[in-house]
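# Overview (structure and organization)
Listed here are the chains, written in short residue letters.
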Amino acid sequence: MIDLHGVADLTYRWSRIDQQVGGADLTPSTTTGLQQHYQLGSTGDLLHPNLGSYAANVSLIDDTARTNGVDSQDLRVTDYYLSLNLLPRSTPVNFYAQRINQDNNLTDPGSKSTTTTYSLTWDVSLHRLPRLRINLFQSDLEVDSELASTLQRTRAAAFDVDGEAGITRYFARYQLTRLDGETQGSTSHTINASAETRFTPALSTAARVNYSSSVTTLGVVTPGLGTLEQRSAGASVYYRPTLQTTLSASYDFYKDPFERHLFATNATLRPLQELDLAAGYRFFRFDLQNALTTSHYAFTSANYRPMLGLSTTLSASVGTTDVSGGTTDVTSYYQSYGYGTNYLKTLTLVTYRLGYQGGYSVNRITTGTGTSRDLTHVFLAGVSNTQTRLVALSADYTLALVTHRTSGAEASDQLDHTLQVSANSSAPHDLFLSGDFLVLTALSSYTLSQYRDATNHVFLFSMTDTYETGRGVAATAGYAYEQQSQFAYEHKTTTFAQIRWMVAVMRSGMLDLNAKQSWERFDRSQPDVDRSEGGGVFTYQIGRISLSADYRLTYEARTTDHVLSQAAFFKAARPF
């Protein structure tokens, strides 16, 4: 059975930009363009489904445009594709071929590029033997112009083996890649192997090894990706005897051409239902030319939940990093401690929350910059109502204090107070029409920041109201006010109004109109901005032919500067 399908569509576009800078009108910029897209495809069986199936497709895209009477786009792309899937039930063979021609005639001389790709994959599944896969690939990129002509060919062959031997699952691949250009060529070899062994349901191990020689283009499935000569290997162990205990360790080695070693181990325990424990260690080594970097890092944490709604945390970490070689040897020592508690309580009418997070860290560097210490305190308190049928109210307060000390330097402390109140309601229904509703949102916040001798006050207030009629008409209005004391402007006010109308026209048509007006006002720091936006989309269906028209407009005014942007799109499409 043959299944034909395709599409044909035409898109005409028009845009115009009018600008006024410093009271002087600039020359308008007008662009018109036409894009044609045609596609025809076919899918079906090759005589019988057990024999195989095919998919074929051909498409054409022609895109031209002119800006102020001068060609700004002249592109033509043709795409031919064929795919065959043979013997799908016994030894599947997949073949595909594709050719893409791209002509760009915008400049004189123009240019033409052709990409031709072939791929063949053969899966050989034998009873009680490993599964084999052979993959052959070739891609040619030919660029032709009056200035220069080039041809780049990538050919690759890969051989995969995977299967199971007892309790071990394994995979191996060898790939040979050849890249030929106009003047020279290169050959690369890639070997990948991995194995996973599950000794018991709780204990498993994995190992891998990779090798690749240097080549500009490497890949069977995704050619065109460059790679360096690389050698890497790794192994891991995972042990989970119970749901409460998990142990793991891993080691990875890379050389490409810089050498890296990474070792990690982790443990998570739950000795009690209310207590979680975790610990881990990391080691990292990085060889870079004449410099050697080594790093050790260890951490531990505990989370205790003595009662419903109350949780406490403790954490500690230490680390050291040493950089040797080159001109200077540098060693840094780091230690950090964290502690905190959070409490959440829900009553009949309200939910309140309290929290505290603290931390202490020390960092010392041997280059003579001294030792730095940071002490952090963060207090949180909030309350919200549980009866949100009419309105949801929430208030939160945060106090953050950071004390920073560095040997031989001036103290730098920071204190922040933040208070935020929000309200949301979607309760009003059937205000004017049956089925309509109103959504109200409001947010207000105040922040006081003190850093050394500087103090900054930030006040924010915003409110948005959305009215939905349930009949395709929606209106939104919003207001926002911002005041800051340490920036270029002290006050900023933003107001906007927006309306959208969706209506059915002539049974098979749909009209979507929208308009938005916004005003931004600044306090002497920069010009005020008035912005008008609008547009409409009309779609109409005549049988299987789809017609659409889209128009968009944006007008922005800043004192003596004005910008008017318009764009229109007209499209006709016929799928089959």
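Not measured: the values here are computed from a predicted model.

Moving on: the overall build of the protein. When its secondary structure is counted, the protein shows 0 helices and 33 strands. Computed over the C-alpha atoms, the radius of gyration of the protein is 34 Å, more than 25% above the 25 Å expected from 2.2 N^0.38 for a compact globule of 576 residues. Considered along the principal axes of its C-alpha atoms, the protein spans approximately 75 × 70 × 55 Å. Looking at the protein as a whole, 23% of its 576 residues qualify as buried. Put simply, of all contacts in the protein between residues at least 6 apart along the chain, 44% involve residues at least 24 apart. When the accessible surface of the protein is split by element, carbon and sulfur atoms take 60% of a total near 34500 Å².

Below, the discussion takes up the pairing of strand β23 (residues 370–385). As paired strands, strand β22 (residues 350–365) and β23 are joined by 16 bridges and run antiparallel to one another. When the sheet's bridge partners are listed, Ile365 is paired in β23 with Gly370. Examined bridge by bridge, β23 and strand β24 (residues 392–406) share 13 bridges and lie antiparallel to one another. By the bridge assignment for β24, Thr376 is matched with Val402. Joining the antiparallel neighbours β23 and β24 is a turn of 6 residues.

Right, let's get into the packing of aromatic side chains. Counted according to the given criterion, the structure contains 13 aromatic pairs. Centre to centre, the rings of Phe538 and Tyr540 are 6.3 Å apart; their planes meet at 15 degrees, and the pair counts as stacked. On the basis of relative accessible area, Tyr540 is assigned to the partly exposed category, the value being 22%. Aromatic ring contacts, followed pair by pair, group Phe258, Phe284 and Phe286 into a single cluster.

For the rest of this paragraph, the subject is the pattern of salt bridges. Here the structure, examined in full by the defined rule, presents 26 salt bridges. Note that Asp62 is salt-bridged to Arg76, the shortest N-O span being 3.3 Å. In this pair, Asp62 sits in strand β4 (residues 52–67) while Arg76 sits in strand β5 (residues 70–86), placing the two residues 14 residues apart along the sequence. In this structure Asp62 comes out as buried when scored by relative accessible area, which is 12%. Its salt-bridge partner being Arg270, residue Asp276 comes within 2.6 Å of it at the nearest N-O pair. Connected via shared salt-bridge partners are Asp123, Arg131, Arg133, Asp162, Glu164 and Arg169.

Turning next to a nonpolar patch on the surface. A contiguous nonpolar surface patch, about 460 Å² in accessible area, is contributed by Leu4, Leu40, Val58, Tyr80 and Phe576. In this structure, Phe576 sits in the segment after β33 (561–575). For Phe576, a relative accessible area of 41% gives the class partly exposed.

Among the secondary structure elements, Ser336 is positioned in strand β21 (residues 330–346). Of the residues examined, Ser336 reaches a relative accessible area of 18% and is grouped as buried. Within polar-contact distance, the side chain of Ser336 engages the side chain of Tyr334 at 3.5 Å. Beyond its immediate sequence surroundings of up to four residues, Ser336 is in contact with Ser315, Ala316, Ser317, Tyr360 and Ser361.

We now examine the environment of Ile100. With respect to the helices and strands, Ile100 occurs in strand β6 (residues 93–104). Judged by relative accessible area, Ile100 falls into the partly exposed class, the value being 30%. For the pair Ile100 and Tyr80, spaced 20 residues apart in sequence, the C-alpha to C-alpha distance is 6.5 Å. Ile100 has contacts with Val77, Thr78, Asp79, Ser113, Thr114 and Thr115, leaving out every residue within four places of it along the chain.

Mapped onto the fold, Asp9 is located in strand β1 (residues 2–21). When its relative accessible area of 8% is taken as the criterion, Asp9 is described as buried. Between the alpha carbons of Asp9 and Arg405 there is a distance of 68 Å; along the sequence they are 396 residues apart. Those residues in contact with Asp9 that lie beyond four places of it in its chain are Gln35, Gln36, His37, Lys571, Ala572 and Ala573.

With that out of the way, let us pick up the layout of surface pockets. Put simply, the largest pocket is a space of about 220 Å³. Surrounding the largest pocket, 14 residues form its lining, Gln152, Leu179, Asp180, Gly181 and Gln184 being those nearest its centre. Those elements that place two or more of their residues in the lining of the largest pocket are β8 (131–145), β9 (149–165), β10 (168–180) and β11 (185–198). Ranked by residue count, the leading element in the lining of the largest pocket is β9, at 3 residues. Classifying every residue of the lining of the largest pocket by side-chain character gives 4 nonpolar, 8 polar and 2 charged.

In terms of strand pairing, strand β30 (residues 509–522) meets strand β31 (residues 529–542) through 12 bridges, oriented antiparallel. If you follow Met510 over to β31, its bridge partner there is Thr539. Counting the residues that bridge the hairpin from β30 to β31 gives 6 residues, and of these Arg524 lies at a positive phi of roughly 70 degrees. Adjacent in sequence and paired antiparallel, β31 and strand β32 (residues 545–558) are bridged by 2 residues, among which Gly543 carries a positive phi angle near 65 degrees.

Right, let's get into the environment of Ala411. Position of Ala411 among the secondary structure elements: in the loop between β24 and β25 (412–425). Separated by 25 residues in sequence, Ala411 and Asp436 have C-alpha atoms that sit 59 Å apart.

We now examine the confidence of the model for the protein. Mean pLDDT over the protein: 90, with 94% of residues reaching 70 or higher. Contacts of residues 216–226 to residues separated by more than four positions or lying in other chains number 32 contacts, the stretch itself having pLDDT below 50.

Here we take up unusual backbone geometry. Positive phi is not limited to glycine here, since Asn68 has a value of about 50 degrees. Among the structural elements, Asn68 can be located in the loop between β4 and β5. The phi dihedral of Thr559 falls on the positive side, at around 50 degrees, and the residue is not glycine. The topology assignment puts Thr559 in the loop between β32 and β33.

Rules used in this analysis
Within any chain, residue numbers begin from 1 and follow the written order of that chain's sequence. Whole-chain, interface and lining totals are the exception, using all residues; otherwise, since this is a predicted model, local features are given only for residues with pLDDT of at least 70 and side-chain atom pairs are given and counted only at 80 or more. By convention in this description, side-chain values take in all heavy atoms of the structure and omit both hydrogens and water. Secondary structure is summarised from DSSP: a helix means a run of H or I of at least four residues, a strand means a run of E of at least two, and numbering begins at the N terminus for each. We compute the radius of gyration over the C-alpha atoms and compare it with the globule rule, which gives 2.2 Å times the number of residues raised to the power 0.38. Each residue's exposure class comes from its accessible area (1.4 Å probe, protein chains only) as a fraction of the maximum for that residue type: buried when under 20%, exposed when over 50%, partly exposed otherwise. Residues are treated as being in contact if the distance between any of their heavy atoms lies within 4.5 Å. Each accessible area is a Shrake-Rupley result for a 1.4 Å probe, and residues are judged covered by the shown protein chains and nothing else. A pair of strands is treated as paired once DSSP finds two or more bridges between them. Note on aromatic contacts: the rings of Phe and Tyr and the six-membered ring of Trp form a pair at centre separations within 6.5 Å, being stacked when their planes are under 30 degrees apart, edge-to-face when over 60 apart, and tilted otherwise. Each salt bridge in this description consists of a side-chain nitrogen of Lys or Arg and a carboxyl oxygen of Asp or Glu lying within 4 Å of one another. In this scheme, patches are assembled from residues that exceed 30% relative accessible area and form no salt bridge. Like charges are connected within 9 Å, while nonpolar side chains (Val, Leu, Ile, Met, Phe, Trp, Tyr) are connected within 5 Å. Side-chain atoms alone can form a polar contact between residues adjacent in sequence; in general such a contact is a pair of N or O atoms within 3.5 Å, and within protein one must be able to donate a hydrogen while the other accepts it. Cavity: a set of points on a 1 Å grid over the protein atoms alone where a 1.4 Å probe fits but cannot get out. Pocket: an open set with protein on both sides within 12 Å along at least five of seven lines, its lining residues, like those of a cavity, having an atom within 4 Å of a point. Grid points are joined across faces, edges and corners, and a volume is the space filled by probe spheres set on the points. Under the scheme applied here, ten amino acids are nonpolar (Ala, Val, Leu, Ile, Met, Phe, Trp, Tyr, Cys and Pro), four are charged (Asp, Glu, Lys and Arg), and all others, including Gly, are polar. Each residue carries a pLDDT score, the predictor's confidence in it, ranging from 0 to 100.

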